[in-house]
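# Structural overview for review
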Amino acid sequence: MDTGSAKVEEKEELKAVVLADSFDELFQPLSLNKPRCLLPLCNVPMIEYTLEMLAQSGVVEAIVVCKAHADKLAAYIKQSQWARGQMKVVVRAVRQATTLGDALRAVDESSAIMADFVLCAGVVISNMNLGRVVAAHVANKKRDASHVMTMLLQEATAGHQRRDKCDESVYFVEPGSGRLLALNSHAAVPRARATVIPPDVITAHAEIEVRADLADTGVAVCSPDVLALFTENFDYHLMRRDFIHGILESDILGKTIYAHILAGASSLPADGAAPAGGEGLAFVSHGGYAAGVTDTAAYDAISRDLIGRWTYPLCPDNSAAYTYNRGAVYKAASVRLDRASRVEHHVILGPHTHVANQTCIADSVLGAHCAVGEQSVVRGSYLFAGTRVGRNAAVDASVLGERVTILDNVVIERGCLIGDDVTVGPDVRIPAFTRIARRRMRRAAGTPASIHDGDSDDDAAWPEPGAAEGCADAAPDADGQELFDRLAIGAEGVGYVWADGADAGHGSDASSSASDFADDDDVALRLRRLHTIGSTARDAGAADSDLDDDYLDDSAHDSDDAAEKLTPQEEFERELYLTVKRACDEDLSPSKSALELKSLRMSYNQDQAEMRAAVVHEILRTVDVAALPDSAARVLRKWAPVIDEYISDGRDQLDLVGILERHCALEVAAEDAVRARLFVRLVYLLYQLDVIEDVAIIAWFNRAQKKLAGDVDPELLRALEPVVDGLDESDDESDDESE
C-alpha cells in the first residue's frame, strides 16, 4: 500500500465527507431497514471499508452525511471502533435532503469544511492510501488556480466485470496534466453508434486522449469551492450529470477538474492464474484497488474481488474470525459441514453456519447463523445473517436479506432481491429479477418517481405491515391477517412481490443514464435490470427489436460475451458439457456429480425426460469408441448411479434404451459393426448395473420390431437380438424353477 502523506498543507487537517445515502432504489428491498452502507459485504458492513481507507489515508475527521436511518447509523458508529479511534467520525443527519446536491448544500451550510477534503460514498472499497491523490490535487491547484476537483478513476478494460453495464462514458483527458476536458455519458441501451467530441476541445488542444476504459471509483479530492458551487446552483442534484458536466461545459464558471487514474485494471479469463470469481473477468491492479458499490451487480463483482484476494491486503482472513482454505474458501471456526456436503470455490461461511448433506455451495457468501438444508444448491448468491434454506432448494445469483426463510422445493432464479424477514415457499419457483419485501411497495405500479421524491430508503416513507398503500388488493382479511402474495411466493409465504417498475433507479449517477436518456419505460426497465446481480448484456437487448442491431455483436469481444448470444437451450447444453467435463477431470463422486446436474436442471427448468436425454447423451460422448469394450465399462460404472437418478419406472427404462439407440445410430462416427457393438455393450452394462431391467429391454425390442418405437437402425436391432433371446431364456428358466 502507498505510504504517502495525506497532508494538504502543513497546518491543515484533512477531512472527509462521506455520503451514506444513495438516493436511489437499486438495493431495495434490502435497504428498507438500514442504510445501504451498513449492509454486509463479505460479512463486514460496507462503511467499515470506507472508514478504514480514510483512516489509513490520514483523515482526521469523517463527516458521514445521512438521511435514511441516520439514528441507526449513529448508533452503529457509537458502539464501533470508530468511537474510540484516532479519526473522529461524526454522523450528520440531513432529513430534508432528497438528492446528493441537497446533502452537499447542507454540509456547506454547516461550515464544517473550510479546506480541501475527500469526498466519497459510504460504500467505497479500497486498499489505497489516498496520499498520492491528495498530493496530486495540491499540485494541480498550484499550477491551475481554477482547479476544484481531482477525480479518482480506475482503468477497466471493456468487458471488465466491474464496468457499469448501463453506462458508456467517454473521458477526454489532456495528456500529461490529467485535466478532464470533456465527458460524454450515455446509456448502454440503445447503444450509441458514435461519441461526440466538442469542437472547442479539438481546436484548443494540440493533443487529447479519448478514454473509454475508465471507471469512476466514487472518490474525489475537492476544494471548498465544490460545496459553494452546489449551493449557488440549486439545479445541481447529481455529481456527474449535473456538477461535472456543468463545470466542463460552462464558460461562465471558469473551473477545472482533473483526473487521477489508477493503472492496471485488465481483463483476464476466469481460469487464469488467480481468478477473481467463479466466472467472468479477473481484476489486476498495479496502482491500487478502488471501487464503489453502486448497485447489486457491483456488489457481486467487488465481493468476488475480495474473495479472490485482488484487494490484498484487504482480504476476509484479515479478521481472526476466518481461516483461508484451498479454493478461496473462508470458514469461521464454528461452521458445521455435514460429511456429504460440498463447498466448492470462492465461498465465505460465517460463524455458526450449517451446510447439510448432499448440498453444494459455490461462489457465495453466507452470513452468521445461516443454514442450508439437504440436497440444496446455492450458487453466486449472498445470504445475510440468520437466513435459512430448506431441502431440495436452489438459489442462483441472488441476494437474500437477514432472517429470510426459503422453504423446501423452492427455486430462486438469478437477479432476485429478497428483503429481511421474508418467507418463500414451499414448492414454488421465483422468476428472475423478482423483488420481495416484508412490506408493500410504496408506490402503485406505473407511478413515476422523481429525484425529488426523497431517498427511497427513508423508513418514514414506507407503510407499516398491514397498511394497504400502493396495493389495492392487499387489505387484511376478515380475521385481521395480512394477505401476502402467496400465489407468487408459496402457500406459506410471508411477503409481497414488488412491481418490476422502470423507475427504481432514478435519482443517482449510477442510474442517471436511465432517467436522462431513456424515454421508453421498457428500455429504462432493462437498464435497471443491468444494475442487478446476475444480469448480462443479453438482458439489455434480448426483447427489443428496435435496439441497435450491432449491440450484441459489438459486445462479443471475449468468450463470456459470445456465450451471452446463445439461446437458453444452447446455454444449458454448454453448461451441461462443462459440468460433465469437470466431473471427469476432477474425478467427482457420483453423488456430487448428481448434485451438480440437479442444480443445472433447476436453474434451466428442464423436465425429467429432457434432462435424462441430455445427460445420457453427454455422458456417452465421453466413451472412447476406439477403446471398446473397456472404455464403455469404465464410463458406465462411474455414471450409472447418476443415470439411475433419472429413472423412475418402466417407461423411463424404455426411453433410456431408445436414447442409447439414437446415440449409437446418429452420433457415433464409426462403422456399422462398431456402432452395433457399442449399442449392445451399453444396453447389457446398464442391465448388469441394475439401471435397466430385462423386461424393459425385451419390451423395447418387441416394440422396435413392430415399428412402435420410431425409426430404429436395423443393424443395431439385429445386434441386440441375441441379447434379447438370452434374456428370454433366462426368464423361462426362472419361471420353470419357480414352478
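Here, the structure is the one placed above.
Here the residue numbers are simple positions, counted from 1 along each chain's written sequence. Reporting of local features is limited, given that this is a predicted model, to residues whose pLDDT is at least 70; pairs of side-chain atoms are given and counted only at 80 or more, and all residues count toward the totals for whole chains, interfaces and linings. Note that the side-chain values use all heavy atoms of the structure and ignore hydrogens as well as water.

Here a strand is any run of E in DSSP of at least two residues, a helix any run of H or I of at least four, and the numbering for each starts at the N terminus. Within the chain, the secondary structure is distributed over 22 helices and 35 strands. Relative accessibility decides the category of a residue: with a 1.4 Å probe and only protein chains considered, values under 20% of the type maximum give buried, values over 50% give exposed, and everything between is partly exposed. Here the chain holds 739 residues, and the buried ones make up 55% of them. The contact definition used throughout considers only heavy atoms, calling two residues in contact when any of these lie within 4.5 Å. Partitioning the contacts of the chain with sequence separation of at least 6, the portion at a separation of at least 24 is 60%. The accessible surface values rely on the Shrake-Rupley method and a 1.4 Å probe; as for residues, cover is taken only from the protein chains in view. Of the roughly 31000 Å² of accessible surface on the chain, 48% is carried by carbon and sulfur atoms.

Before going further, it helps to examine helix H18 (residues 630-644). In a helix, the anticipated span is given by 1.5 Å times the number of residues less one. Its 15 residues give H18 an end-to-end C-alpha distance of 21 Å, which sits within 8% of 21 Å, the value for a rise of 1.5 Å per residue. Throughout, the bend at a residue refers to the angle made by two axes, fitted to the seven residues ending there and to the seven starting there. By the largest-angle criterion, Lys638 marks the main kink of H18, which is about 45°, and a proline, Pro641, follows within four residues. What H18 keeps buried is the set Ser631, Ala632, Ala633, Val635, Leu636, Trp639, Ala640, Val642 and Ile643. Packing partners of the buried residues in H18 comprise helix H15 (568-585), helix H16 (590-604), helix H17 (608-620), helix H19 (650-666) and helix H20 (672-688).

A few words on the packing of helix H6 (residues 225-232) against helix H7 (residues 239-249). In this analysis, axes come from line fits to C-alpha atoms, helices being fitted only over the stretch in contact, and the angle between any two N-to-C directions falls in the range 0 to 180 degrees. As a packed pair, H6 and H7 sit with axes 12 Å apart at the nearest point and diverge in direction by 105°. The orientation of H6 with respect to H7, classified from their angle, is roughly perpendicular. Counting all contacts with H6, which are made through Val226, Leu229 and Phe230, the residues of H7 involved are Met239, Phe243 and Ile247. Residues that form the contact of H6 with H7 fall into these classes: six nonpolar, no polar and no charged. Reported orientations rely on four angle classes, namely roughly parallel under 35 degrees, roughly antiparallel over 145, roughly perpendicular from 65 to 115, and oblique for the rest. Amino acids outside the nonpolar list (Ala, Val, Leu, Ile, Met, Phe, Trp, Tyr, Cys, Pro) and the charged list (Asp, Glu, Lys, Arg) are all regarded as polar, and Gly is one of them.

For the rest of this paragraph, the subject is the side chain of Ser364. Note that Ser364 resides in strand S22 (residues 364-366). For Ser364, a relative accessible area of 0% gives the class buried. Pairs of N or O atoms within 3.5 Å make up the polar contacts considered here, provided that, within protein, one atom can donate a hydrogen while the other can accept it, and that residues adjacent in sequence are counted only when both atoms are side-chain atoms. Within the structure, Ser364 has its side chain in polar contact with the backbone nitrogen of Ser381 (distance 3.1 Å). Each residue touching Ser364, except ones within four places of it in the same chain, is listed here: His346, Val347, Ile348, Val378, Arg379, Gly380 and Ser381.

Moving on: the sheet that holds strand S25 (residues 382-383). Here nine strands make up an open sheet; going across it, the order is S15-S16-S19-S22-S25-S28-S31-S34-S35 and the pairing mixed. Strands with a single pairing partner mark the edges of an open sheet, and in this sheet they are strand S15 (322-325) and strand S35 (496-498). Two strands are said to pair when DSSP picks up at least two bridges between them. Across two bridges, the pairing between strand S28 (residues 399-400) and strand S31 (residues 417-418) is parallel. Looking at S31, one finds that Val399 is bridged to Leu417.

Our next topic: the nonpolar core. Among the nonpolar cores identified, the biggest contains 89 residues, and Leu54, Ile406 and Val424 are the most heavily contacted of them. Among the elements that line this core, the one with the most residues is helix H1 (residues 46-56), at six residues. We define a nonpolar core as any set of buried Ala, Val, Leu, Ile, Met, Phe, Trp, Tyr and Cys residues linked to one another through side-chain atoms lying within 4.5 Å. One finds Trp639, Val642, Val712 and Val723 within the second-largest nonpolar core, a separate group that totals 55 residues.

Another point: the pairing of strand S12 (residues 214-222). Counting buried positions along S12 yields seven of nine residues, so the element is predominantly enclosed. Of the pairings in the sheet, the one linking strand S8 (residues 147-155) to S12 comprises seven bridges and is antiparallel in character. Following the sheet pairing, Met149 is matched in S12 by Cys222.

Turning our eyes to something else, we now look at the sheet that holds strand S18 (residues 342-343). Strands sit in the order S18-S21-S24-S27-S30-S33 across an open sheet of six strands; the sheet is parallel. Each edge of the sheet is formed by a strand with only one pairing partner; in this case those strands are S18 and strand S33 (428-430). Sheet topology places strand S27 (residues 394-396) next to strand S30 (residues 410-412); two bridges connect them, and they run parallel. Its bridge partner being in S30, Val395 is matched across the sheet by Ile412.

It is worth spelling out a nonpolar patch on the surface at this point. Each patch is assembled from residues with relative accessible area greater than 30% and no salt bridge, linking like charges that lie within 9 Å and nonpolar side chains (Val, Leu, Ile, Met, Phe, Trp, Tyr) that lie within 5 Å. Salt bridges are identified by distance alone: a Lys or Arg side-chain nitrogen within 4 Å of an Asp or Glu carboxyl oxygen. Together, Ile197, Ile202 and Val210 line one region of the surface with nonpolar side chains, adding up to about 240 Å² of accessible area. Counting through the fold element by element, Val210 comes out in strand S11 (residues 209-211).

Tracing the backbone through its elements, the reader meets Leu153 in strand S8. Judged by relative accessible area, which is 0%, Leu153 ranks as buried. Once the C-alpha coordinates of Leu153 and Val219 are considered, the two residues, 66 residues apart in sequence, prove to be 8.1 Å apart. For Leu153, the contacting residues outside a window of four places in its chain are Tyr171, Leu214, Ala215, Asp216, Thr217, Ala259, His260, Ile261 and Leu262.

This next bit is on the pattern of salt bridges. Applying the stated criterion to the full structure yields 28 salt bridges. Between Arg211 and Asp213 there is a salt bridge; the shortest N-O distance is 2.9 Å. Between Asp421 and Arg403 there is a salt bridge whose closest N-O contact spans 2.7 Å. With Asp421 in the loop between S31 and strand S32 (423-424) and Arg403 in the loop between S28 and strand S29 (405-406), this pair connects stretches of sequence that are 18 residues apart. For Asp421, a relative accessible area of 33% corresponds to the partly exposed category.

Our focus in this paragraph is the packing of aromatic side chains. Centres within 6.5 Å are what make two rings of Phe, Tyr or Trp a pair, Trp counting through its six-membered ring; a difference in plane orientation under 30 degrees is then read as stacked, over 60 as edge-to-face, and the rest as tilted. Scanning the model with the defined rule gives nine aromatic pairs in all. Taken together, a centroid distance of 6.0 Å and an interplanar angle of 75° make the contact between Phe27 and Tyr299 edge-to-face. Residue Phe27 is found in the loop between strand S1 (15-19) and strand S2 (40-41), and its partner Tyr299 is found in helix H8 (residues 296-307); the two are separated by 272 residues along the sequence. Across the pair, exposure class does not vary: Phe27 and Tyr299 are buried alike. Aromatic pair Phe484 and Tyr496: ring centres 5.4 Å apart, planes at 55°, arrangement tilted. Within this pair, whereas Phe484 is found in the loop between strand S34 (435-437) and helix H9 (486-489), its partner Tyr496 is found in strand S35, the two being separated by 12 residues in sequence. Comparing Phe484 with Tyr496 shows no difference in burial state: the two are buried. Here the aromatic cluster, defined as three or more aromatic residues joined through ring pairs, consists of Phe27, Tyr299 and Tyr382. We note Arg309 situated over the ring of Tyr324; from NZ or CZ to the ring centre the distance is 4.9 Å. Any Lys NZ or Arg CZ that is within 6 Å of a ring centre and within 35 degrees of that ring's normal is treated as a charge sitting over the ring. A cation sits over an aromatic face here: Lys638 above Trp639, 5.7 Å from the ring centre.

The residue Tyr330 is located in strand S16 (residues 329-332) in this model. Given a relative accessible area of 0%, Tyr330 falls into the buried group. Distance in space between the C-alpha atoms of Tyr330 and Leu349 is 6.2 Å, their sequence separation being 19 residues. Once residues lying within four places of it in the same chain are set aside, the contact partners of Tyr330 are Leu306, Ile307, Arg309, Pro316, Asp317, Tyr322, Thr323, Tyr324, Val347, Ile348 and Leu349. A distance of 2.9 Å separates a polar atom in the side chain of Tyr330 from the backbone oxygen of Ile307.

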